[in-house]
Amino acid sequence: MLNRWIGITCLFCMLSANTALLFHDFVPDWLAGDPPDSDNILLQDGQDRKSQVGIFDARGRCVGRSWTIADGQLEFVRVRSWTVLYPVSLPNGMATPHVRIDTELLYQREGTVDRLSIRLHWKGGAGPPVALEGEFMPPDDFPCQWRIGNQRGKFILRAAATRAIGDVFRPFDRLPGLYVGRTWRLNLVDPLSEILHGTPASNFGMEPILVKVDREETIEFEGRLVETLHVSSGQGEAWVARDGRVLLQVIEAPLLGRLTLRAETYDDAARKAGVTSIHGLD
C-alpha cells in the first residue's frame, strides 16, 4: 500500500511539474496576439512626433543616442530613426566601432509596413557596407534583400509580421494600449551582431521573440514616481507609461553587454550633430 501511495504521489508531482512547464513555456507563445498598434499611424498629414533616448552601459557611461521622427503623410506615415553608438574602450584594449544605424519605415494607414530600409554607417568607413531593403507585395508578402560587404541574400516575411519590427538597439518606440497579460511577437533586427559573428544569417538577423506584459510597477523617473507596465522578453525588458511612452529599456547588445535606454527630451541640434558625425550624412 505504501509503495502504491508513493507511486501516486510521484505521478502527481510529475504531472504538476509538467503542467507548470507547459503554462510557463508554451501557453504564452500559443496565445500570443496582435502587437500593439503604434499611435504614430494616427498622425495626420503634416503632423509629426519626435523622441530621443540616451544609451548607457552598465557603468553608467553614455555610449550612444537614438532619435526617432514620425511624420504623417496623405496615405502613409513615415518613421525614421537614427541610432549612433560611440566608441567605447573594452577591457581587452580594443574599442567598439563608431557607427550609425539608420532605419526608415513607411507604414500604410492600417499599420502594416509598405517599405523598409536599414543602413549601417561606419565612422571613416571602418566596416563593410550594410543594408536591408524590403517592400510590400500583395497579397501578403514582404520580400527583403540584404547586403553585407560583398555578401547578399534574400528572404520573405509575411506582411502581417511587419506590424512588429524593432531595432535591437531600440526594440520599442511607443506601446499604447497595454495591459497585464498581453503578449505578442516582435521581429528584432540585429545587423551589427551578424557582422561581428562573421556569419550573416539568411534573414539578416531578424529574430522573432515573444514579448509579454507581466506586471504593473511603480518606478522613479526624472525625480518622480511613475506608474508603469513592465514588458519582458528574451532580449530584455521595458517600463512603459500609461500613455504608451517607453521610459526605460534594458537590452543585451553585442560587445557592449547590458545597456539601459532612457527616454530624454528631444534635441534636434543633438540629433544633427550625432548624425553628421559619421559620413556627414543627414
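Quick notes on the rules
- Residues take numbers from 1 onward in each chain, read along the sequence in its written order.
- The model is predicted, so local features are restricted to residues of pLDDT at least 70 and side-chain atom pairs to those at 80 or more, both for listing and for counting; the totals for chains, interfaces and linings are taken over all residues.
- Working from all heavy atoms in the structure, the side-chain values ignore hydrogens and water.
- Think of it this way: any DSSP run of H or I at least four residues long counts as a helix, any run of E at least two long counts as a strand, and we number them from the N terminus.
- Exposure is judged per residue with a 1.4 Å probe applied to protein chains only, and the accessible area is read against the type maximum: over 50% gives exposed, under 20% gives buried, and values in between give partly exposed.
- Note on contacts: a residue pair is in contact if any heavy atoms of the two residues lie within 4.5 Å.
- A pairing counts as a salt bridge when a side-chain nitrogen of Lys or Arg comes within 4 Å of a carboxyl oxygen of Asp or Glu.
- Relevant arc is that of directions from the helix axis to the C-beta atoms, nothing else.
- Residues adjacent in sequence count toward polar contacts only when both atoms are side-chain atoms; beyond that, a polar contact is any pair of N or O atoms within 3.5 Å, and within protein one must be able to donate a hydrogen and the other to accept it.
- Here, nonpolar core means buried Ala, Val, Leu, Ile, Met, Phe, Trp, Tyr and Cys residues that are tied together by side-chain atoms lying within 4.5 Å of each other.
- Confidence per residue, as judged by the predictor, is encoded in pLDDT with a range of 0 to 100.
- When DSSP finds two or more bridges between two strands, those strands count as paired.
- When the centres of two rings from Phe, Tyr and Trp lie within 6.5 Å, Trp using its six-membered ring, the rings pair. Their planes under 30 degrees apart give stacked, over 60 give edge-to-face, and anything left gives tilted.
- Lysine and arginine charges are scored as sitting over a ring when NZ or CZ, respectively, is within 6 Å of the ring centre and within 35 degrees of the ring normal.

### Looking at the environment of Ile 41
As for its placement among the helices and strands, Ile 41 is situated in the loop between α1 (2–30) and β1 (48–56). Looking at Ile 41, the relative accessible area reads 13%, which means it is buried. Between the C-alpha atoms of Ile 41 and Phe 76, which are 35 residues apart in sequence, the distance is 7.8 Å. Those residues within four positions of Ile 41 in sequence are excluded, and the remaining contacts are Val 77, Tyr 107, Gln 108, Arg 109, Glu 110 and Gly 111.

### Quick look at the pattern of salt bridges
A full pass over the atoms with the stated rule returns 14 salt bridges. For Arg 65, the salt bridge identified is with Glu 264, shortest N-O distance 2.9 Å. Within this pair, whereas Arg 65 is found in strand β2 (residues 62–72), its partner Glu 264 is found in strand β15 (residues 257–264), the two being separated by 199 residues in sequence. According to the relative accessible area criterion, Arg 65 is partly exposed, its value standing at 22%. For Glu 264, a relative accessible area of 22% puts it in the partly exposed group. A salt bridge links Arg 119 to Glu 133, with the nearest nitrogen and oxygen atoms 2.8 Å apart. One end of the pair, Arg 119, is in strand β5 (residues 113–122); the other, Glu 133, is in strand β6 (residues 130–135), with 14 residues separating them in the sequence.

### A short note on helix α3 (residues 268–276)
Looking only at α3, the buried set comprises Arg 271, Gly 274 and Val 275. On an axial view of α3, the arc spanned by its buried residues comes to 95°, and they lie on one face. Here the buried face of α3 lies against β2, β3 (76–85) and β4 (99–108). Its side-chain oxygen at 3.0 Å from the backbone nitrogen of Ala 269, Asp 267 defines the N-terminal cap of α3.

### Describing the nonpolar core
Inside soluble globular proteins, nonpolar side chains tend to come together where they are buried. Membership of the largest hydrophobic core comes to 36 residues, with the highest contact counts inside it found for Tyr 107, Leu 116, Leu 132, Phe 142, Phe 169 and Leu 259. Grouped together as the second largest cluster of nonpolar side chains are 14 residues, Leu 178, Leu 188, Leu 229 and Ala 238 included.

### Structural notes on the confidence of the model for the protein chain
Within the protein chain, residue pLDDT values average 80, and 79% of them lie at 70 or more. Across residues 1–31, where pLDDT falls below 50, the model places 9 contacts with residues more than four positions away in sequence or in other chains.

### Let's talk about the pairing of β5
Where burial is concerned, most of β5 is hidden: 8 out of the 10 residues are buried. Relative to β5, β4 runs antiparallel, the two being bridged by 9 bridges. Across the sheet, residue Glu 104 finds its bridge partner in β5, namely Ser 117. From the end of β4 to the start of β5, which pair antiparallel, there are 4 residues, and Gly 111 there has a positive phi angle of about 110°.

### Side note on the environment of Ser 232
As for its position among the elements, Ser 232 is in strand β12 (residues 224–233). Contact partners of Ser 232, with chain neighbours within four places excluded, come to Leu 210, Val 211, Lys 212, Asp 214 and Glu 237. At 3.1 Å, the side chain of Ser 232 forms a polar contact with the side chain of Asp 214.

### Concerning the packing of aromatic side chains
Scanning all chains against the criterion turns up 1 aromatic pair. Judged by centre distance (6.4 Å) and plane angle (70°), the ring pair of Phe 172 and Trp 184 falls under edge-to-face. Residue Phe 172 is found in the loop between β9 (165–167) and β10 (183–189), and its partner Trp 184 is found in strand β10; the two are separated by 12 residues along the sequence. Judged by its relative accessible area of 8%, Phe 172 is buried. Judged by relative accessible area, Trp 184 falls into the buried class, the value being 2%. The ring of Trp 82 has Arg 271 sitting right over it, with the charged end atom 4.6 Å from the ring centre.

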